[in-house]
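Architecture at a glance
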Amino acid sequence: MNARHVAAAAVAGLGLSSTALACSICRCGDPTFNALGKDGIALPGFKLALDWEEVEKSQGSLNEEFSEVLEHRTTLFAAWGPSERVNFFVRVPYASRDLVETEDGETESSHASGLADPEISGQVRLWSSQFEGDVGTRASLFAVGGVKTGWGDNDVSRNGERLDEHVQPGTGSTDWFAGLSGFYQVDRRSALFASAQYRATGRNDFGYRYGNATLVNVAYEHKVGARWDAVIEANFRDAGYDEPEGGGTRDPDTGGSVVYATPRLLFDAGHGWVLRASAQIPLSQSGLHGVQHEKTVWNAGVTRLFGR
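A brief look at the structure comes next. (Residues numbered from 1 in each chain as written. Predicted model: local features only at pLDDT ≥ 70, side-chain atom pairs only at ≥ 80, totals over all residues. Heavy atoms only, no water.)

A few words on the pattern of salt bridges. Per the counting criterion, the structure on display carries 18 salt bridges. Across the pair D51 and R276 runs a salt bridge, and its minimum N-O distance is 2.8 Å. Taken together, the positions of D51 in strand β3 (residues 45-60) and R276 in strand β16 (residues 273-284) put the pair 225 residues apart, joining distant regions of the chain. The exposure class of D51 is buried, given its relative accessible area of 11%. Note on R276: relative accessible area 4%, which makes it buried. Salt bridges here are not isolated pairs; linked through shared partners, they connect E56, E68 and K295. (Salt bridge = Lys/Arg side-chain N within 4 Å of Asp/Glu carboxyl O. Helix = DSSP H or I, 4+ residues; strand = E, 2+ residues; numbered from the N terminus. Buried < 20%, exposed > 50% of the residue type's maximum accessible area, 1.4 Å probe, protein only.)

Written out as structure tokens, the structure is:
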């Protein structure tokens, strides 16, 4: 397998991170696949990736209470594999958020930036088929599990008062997640990817709890040249209501389901370097609870596979 094959998979990964008011910790897709792809994820040794993304979302009605958040997030991703069967991953994000809130005709803006919640996970290959003929058709199945820590900044204040939960860089809660992922190599130029994951959220020190989430993703990758690859993904997210405080109180304008289409391009720059870019476009938002609107999420990244 050469660097181009690894590059082809590096952004065929299943998903783009999606952070917003209704589900600030939900991830559409699999960030491990996003950074490393089907080949890089099982590659022994050390791997690095750096991603930048822009997310924008609004919640509520302009005639009542309305809020809009714009987030820019930079994430460092490190991976190490002692073998092809087992890999370990660490994600360290830095977030900058701007929140605009309007109520009774009055508008207030707030800004916060800092460490978001680091995430630690691992992956084990459960099954892999043998290569067939000269095409190299093969399928693999992986089990994934990990924890999103509450180590991010969640107590940013202004004038002695803590800022709104949705402008905080971190959630302040410890969350657990588990799922399955896999791929099928159709032929020399094409591959299919799939991922499903469930995330169970905790409550932070200020009583806020984001809704549990289920994420499902399917992607098709096709080589379009010696160095270029194209990917099209379908991303689905279903999240429960947020609970601003204990006792089961729900925020009616949070959670629900949404479907995205994510076209991607990647470029093999050589020597193990892969450049990536994508746009996650919301196709259906009718399943979101209350009044919410999600805009296109933009992502750009670079991956370095050492030893290639």
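Examined against the element boundaries, E233 turns out to sit in strand β14 (residues 228-239). A distance of 3.1 Å separates a polar atom in the side chain of E233 from a polar atom in the side chain of N235. (Polar contact = N/O pair within 3.5 Å; in protein donor to acceptor, adjacent residues only side chain to side chain.)

The final tally for this structure, using the stated rule, is five aromatic pairs. Ring geometry for Y208 and Y210: centres 4.9 Å apart, planes at 55°, overall tilted. Note on accessibility: Y208 and Y210 belong to one class, buried. Note that R162 overlies the ring of F206, its terminal NZ or CZ placed 3.8 Å from the centroid. Between R304 and the ring centre of F306, over which it is positioned, the NZ or CZ distance is 4.7 Å. (Phe/Tyr/Trp six-rings, centres within 6.5 Å; stacked < 30°, edge-to-face > 60°. Lys NZ or Arg CZ within 6 Å of the ring centre and 35° of its normal.)

This next bit is on a negative patch on the surface. Together, E64, E65, E103, D104 and E106 give the surface a local cluster of negative charge. Turning to its location among the elements, E65 is positioned in strand β4 (residues 65-81). A relative accessible area of 53% places E65 in the exposed class. (Patch = residues over 30% accessible without salt bridge, like charges linked within 9 Å, V, L, I, M, F, W, Y side chains within 5 Å. Areas by Shrake-Rupley, 256 points an atom, 1.4 Å probe, with all protein chains shown as cover. Lys, Arg positive; Asp, Glu negative; His and termini not counted. Charge placed at Lys NZ, Arg CZ, Asp CG, Glu CD.)

Before going further, it helps to spend a moment on a nonpolar patch on the surface. A cluster of nonpolar residues, L50, L76, V90, V92, L115, I120 and W151, forms a patch on the protein surface that exposes about 590 Å² of accessible area. Structurally, V92 is set in strand β5 (residues 86-103). Classification of V92 by relative accessible area gives partly exposed; the value is 35%.

Our next topic: the pairing of strand β8 (residues 139-148). Most of β8 is tucked away: seven of the ten residues are buried. Pairing between β8 and strand β11 (residues 175-185): ten bridges, direction antiparallel. Across the sheet, residue V144 finds its bridge partner in β11, namely G179. (Pairing = 2+ DSSP bridges.)

Right, let's get into the environment of H271. With respect to the helices, strands and loops of the structure, H271 is situated in the loop between β15 (256-270) and β16. Between the alpha carbons of H271 and L305 there is a distance of 8.3 Å; along the sequence they are 34 residues apart.

As paired strands, β3 and β4 are joined by 16 bridges and run antiparallel to one another. Looking at β4, one finds that F46 is bridged to W80. Two elements, β4 and β5, share 16 bridges in a ladder whose sense is antiparallel. By the bridge assignment, V69 is partnered in β5 with L99. Where β4 folds back onto β5 in an antiparallel hairpin, the turn is made up of four residues.

For N159, which is not glycine, the phi torsion reads 55° and is therefore positive. With respect to the helices and strands, N159 occurs in the loop between β9 (157-158) and β10 (161-162).

It is worth spelling out the nonpolar core at this point. A35, L36, I41, F77, A79, F89 and F193 are the most contacted members of the largest nonpolar core, which totals 18 residues. If you list the elements that add at least two residues to this core, you get α2 (31-40), β4 and β12 (190-200). With three residues, the single largest contributor to this core is α2. For I41, the residues in contact, after removing those within four places along its chain, are T32, F33, L36, K47, N87, F89, Q123 and F142. Counting five residues, the second-largest nonpolar core is a separate cluster that includes V69, A112, L163 and V167. (Core = buried A, V, L, I, M, F, W, Y, C linked by side-chain atoms within 4.5 Å. Contact = heavy atoms within 4.5 Å.)

Remember, this is a structural readout, not a statement about activity or role.
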